[in-house]
Structures are given as structure tokens and as C-alpha cells.
Amino acid sequence: MLKIYGMGNPLLDISSEVTADLLTKYELKPANAILAEPKHLPLYEELSARPDVQYIPGGATLNSIRVANWMLQAKDTCSYVGCIGKDKYGDIMKDKSEAEGLLVPFMRTEVEPTGTCAVLIVGKERSMVANLAAANKFQVEHMEDSIVKSAVEGAGIYYISGFFLTVCVPAIVKVGTHACDNNKIMCMNLSAPFIIQFFGGQLAEVMPFVDILFSNDDEAKEYAKVNNLGTEDVCEIAKLLVKLPKKNTSQPRIVVFTQGSKSTVVATSEGVSSYPVPPIPSEEIVDTNGAGDAFVGGFLSQLAAGKS
């Protein structure tokens, strides 16, 4: 079984069931996600004081690594690196991640508090307020830490979300170079349209290292638009992304596009395949938040287990 190494922006989800009055108090909307403004900062302590509060290690990459770890049910298989603060929320993040069996040699900073995401649940709707804080402070020098170096060298699969392109491109290049030089598997996710729109240069710098690329259909179409690919057909876009320049030419790129309830598209050098998504009755869906992260986690787990 291959080991999995993840690197990204760790955010501690602080979750509680609330009434609509709390949303009104902080000028929030249901079924929405925003970045925190100064007026939102007292919200985190207010949620922490509630009796039903839950603390859940999160952030896109960590979500996927946790799902992969849960599906594999194998000790010492998954590791994750990012930056957290030297505070109580950082301690909770570390303790809960380790309790699930993850190796998490976090970088810790005193400059910013641990990144948090307030999750306000009203019925089936969730309103989320993210404060990246310490997650933005990761530095490539942390990868010289002996435990981090061991995790990188011991892994066979690497996964990094596009969100980390806003934080530390040199760290992504370092992991990508190791994967390329040792014929290991480097995976990445486009993650969000704004990454493609505003961090296209950073994305172009790391794309040659990517062996498996994940995206949803909206992100795929945005990539095609920004890069003038001349099509909105996701199958055609997938084929074009397979052909982008690649460092490790011995390992052809695989492109995986999800489309919600529609078929998942997988493109390789041999062509494009579609895989139907089994329908789920709407009354059984709690919410779709994190569905893409969970999909990637499941994919990585089966890749690690040797399935193709």
C-alpha cells in the first residue's frame, strides 16, 4: 500500500446548530461561504461557548486526506502538513488529527492564530465564515524538518489543492520535483474559479509536475476560458489538459472532472471515459458541502490500495 502525503491550508471548523438570529447578528446569509471581516471575529469565541459546539479539522486538502485515511483504515498511511498557530485551536487541530491516526508535523507560528471556519447550521443550511490566518504563513523551510522530510520521502502519492497556490508555490515545486525524480504520483486540484482567474501563473508553474488533476466542471470551463482553449465541452477540455507539458513523461497525465450528479469524466492519453454517478434521493442528502473533497479522498484511498 502506498502512503499519502497532503499539504494545504488547515482550518479548524467550529460548528454549531444556531438560529437565524445569529446569522442576522453577523450579517450572514444561509447556504453561503465568505472570508471573515473584522466584524466577524467575535463569532468564533461565541460559537466555542455553545454547549453543542464541534471542532472538526478541515480545509480542502485535509478533508481529502482524512477521508482517504478513514477509508484505508491502515495505521501510519496518511500525513498532512500546513501552518497553524501556537494557540488552543492549533492544539485542538493537532490532537483531533492525530486521534484519527494522521501524522501531522504542522508548522506553528506566533504571528497569526490558527485558521478557523465558523460553520453555522440552520436546519439543513450552512453558513461558513473562514479566517485563513496562520494557514497563509507556511514557509518552504519547514520542509527541512526531519519528520516532514521523512513523510515526503516515505510517501508514494502526493495531494495538494489549488488553494495552496496562494500560499507557498516553492513548497509545491519541491514536492513535485521529488515526485518526478522518483516516479511517484503527484495529484492536484484546480479547487476554485478564482484560482484559475488570479493565480494562473502559479498554476502554470506547477502543472508540469501534476500526474493526476482533479476539477469540477465549472472550474474546467473557467480554465478553458482563461487559457483560450476554444471549447466548453468538458470532455474536450480534459483531453487538452492531458496533453499539457509534463516533467515525468514516463507517467502520462490523468484528468478527472466531476459534474455533480452528472457522470464523472476521466481522460488519459488513450481517450476519455464517463462514469455515471448513482442517484441519491434528495431527502437523504444532508448537504453537499465537501463533496468534492470526499470524492478526492476516496479516489486517493483506492489509488493507494493499488486499484486502477
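Residues numbered from 1 in each chain as written. Predicted model: local features only at pLDDT ≥ 70, side-chain atom pairs only at ≥ 80, totals over all residues. Heavy atoms only, no water.

J.: Pulling in residues and values, what's your account of the environment of Val173?
T.: Summarising the element assignment, Val173 is placed in helix 6 (residues 169–181). For the pair Val173 and Asp21, spaced 152 residues apart in sequence, the C-alpha separation works out to 46 Å. (Helix = DSSP H or I, 4+ residues; strand = E, 2+ residues; numbered from the N terminus.)

J.: Tell me what's going on with the packing of helix 3 (residues 60–72) against helix 11 (residues 291–304), and back it up with residues and numbers.
T.: With their axes 7 Å apart at the nearest point, helix 3 and helix 11 run at an angle of 45 degrees to one another. Viewed along their axes, helix 3 and helix 11 adopt a mutual orientation that is oblique. Considering only the axes of helix 3 and helix 11, their crossing is right-handed. Where helix 3 abuts helix 11, its residues Ala60, Asn63, Ser64, Val67, Ala68, Met71 and Leu72 lie against Asp293, Ala294, Val296, Gly297, Gly298, Leu300, Ser301, Gln302 and Ala304. Here the contact of helix 3 with helix 11 is built from residues that sort into nine nonpolar, six polar and one charged. (Axes fitted to C-alpha atoms, helices over the stretch in contact; angles between N-to-C directions. Parallel < 35°, antiparallel > 145°, perpendicular 65-115°, else oblique. Left-handed = near helix turned anticlockwise from the far one by under 90°. Contact = heavy atoms within 4.5 Å. Nonpolar A, V, L, I, M, F, W, Y, C, P; charged D, E, K, R; others polar.)

J.: Hey, could you go over the pairing of strand 1 (residues 4–7) for me, with residue numbers and the actual values?
T.: Here strand 1 shows a buried face lined by Ile4 and Gly6 and a second buried face lined by Tyr5 and Met7. Where strand 1 meets strand 5 (residues 78–81), four bridges bridge the pair, whose relative direction is parallel. Within strand 5, the position partnered with Gly6 by the bridge is Tyr80. As judged from the four bridges shared by strand 1 and strand 10 (residues 157–161), these two strands associate in the parallel manner. Within the sheet, the bridge partner assigned to Tyr5 lies in strand 10 and is Tyr158. (Buried < 20%, exposed > 50% of the residue type's maximum accessible area, 1.4 Å probe, protein only. Pairing = 2+ DSSP bridges.)

J.: Could you give an account of helix 3, with specific residues and numbers?
T.: For helix 3, spanning 13 residues, the distance from its first C-alpha to its last is 19 Å, which sits close to the expected 18 Å at 1.5 Å a residue. Buried within helix 3 are the following residues: Ala60, Thr61, Leu62, Ser64, Ile65, Arg66, Ala68, Asn69 and Leu72. On its buried face, helix 3 sits against strand 1, strand 4 (54–58), strand 5, helix 4 (88–99), strand 10 and helix 11. One or two residues past the end of helix 3 sits Gln73, with phi positive at roughly 50 degrees. (Expected span 1.5 Å × (residues − 1).)

J.: So, the nonpolar core: which residues are in play, and what are the values?
T.: If you look at the biggest cluster of nonpolar residues, it comprises 46 residues, and the most contacted ones within it are Tyr5, Met7, Phe138, Met143, Phe164 and Phe257. Apart from residues lying up to four places away in sequence, Phe138 is in contact with Met7, Val81, Gly82, Cys83, Met107, Met143, Phe164, Val167, Cys168 and Ala171. The next biggest cluster of nonpolar side chains, apart from the first, holds 40 residues, and it includes Leu28, Tyr44, Cys78 and Val266. (Core = buried A, V, L, I, M, F, W, Y, C linked by side-chain atoms within 4.5 Å.)

J.: Just give me the short version of the sheet that holds strand 5, but keep the residues and values in it.
T.: What links the strands of a sheet is backbone hydrogen bonding, and the strands pair in either a parallel or an antiparallel sense. An order of 5-1-10-11-12-13-14-15 is seen for the eight strands of this open sheet, with the pairing classed as mixed. Two strands bound the open sheet, and with one partner strand each, they are strand 5 and strand 15 (271–275). On average, adjacent strands in this sheet sit at an angle of 15 degrees to one another, irrespective of strand direction. Where strand 14 (residues 262–268) lies against strand 15, five bridges are found, and the strand directions are antiparallel.

J.: An account of the environment of Gly101 is requested, with residue identities and associated values reported.
T.: Topologically, Gly101 is positioned in the loop between helix 4 and strand 7 (107–109). On a C-alpha basis, the gap between Gly101 and Ala171 in space is 24 Å, while along the polypeptide they are 70 residues apart. Not counting residues up to four positions away in its chain, the partners in contact with Gly101 are Asn69, Asp76 and Cys78.

J.: Run through helix 11, naming residues and quoting values.
T.: Over its 14 residues, helix 11 runs 20 Å from end to end, which matches the ideal 20 Å to within 8%, given 1.5 Å per residue. Every buried residue belonging to helix 11 is among Asp293, Val296, Gly297, Gly298, Leu300, Ser301, Leu303 and Ala304, and all of these are buried. On its buried face, helix 11 is in contact with strand 1, helix 3, strand 10, strand 11 (185–189) and strand 12 (212–216). Just downstream of helix 11, Gly306 is the residue with a positive phi angle, here 95 degrees.

J.: Tell me about the packing of helix 9 (residues 217–226) against helix 10 (residues 234–242), and please be specific about residues and values.
T.: Where helix 9 contacts helix 10, the axes come no closer than 10 Å and their chain directions differ by 65 degrees. Viewed along their axes, helix 9 and helix 10 form a crossing whose handedness is left-handed. Taken together, the residues of helix 10 that come into contact with helix 9 (itself represented by Asp217, Ala220, Lys221, Tyr223 and Ala224) are Val234, Ile237 and Leu241. For the contact of helix 9 with helix 10, the class distribution of residues is six nonpolar, no polar and two charged.

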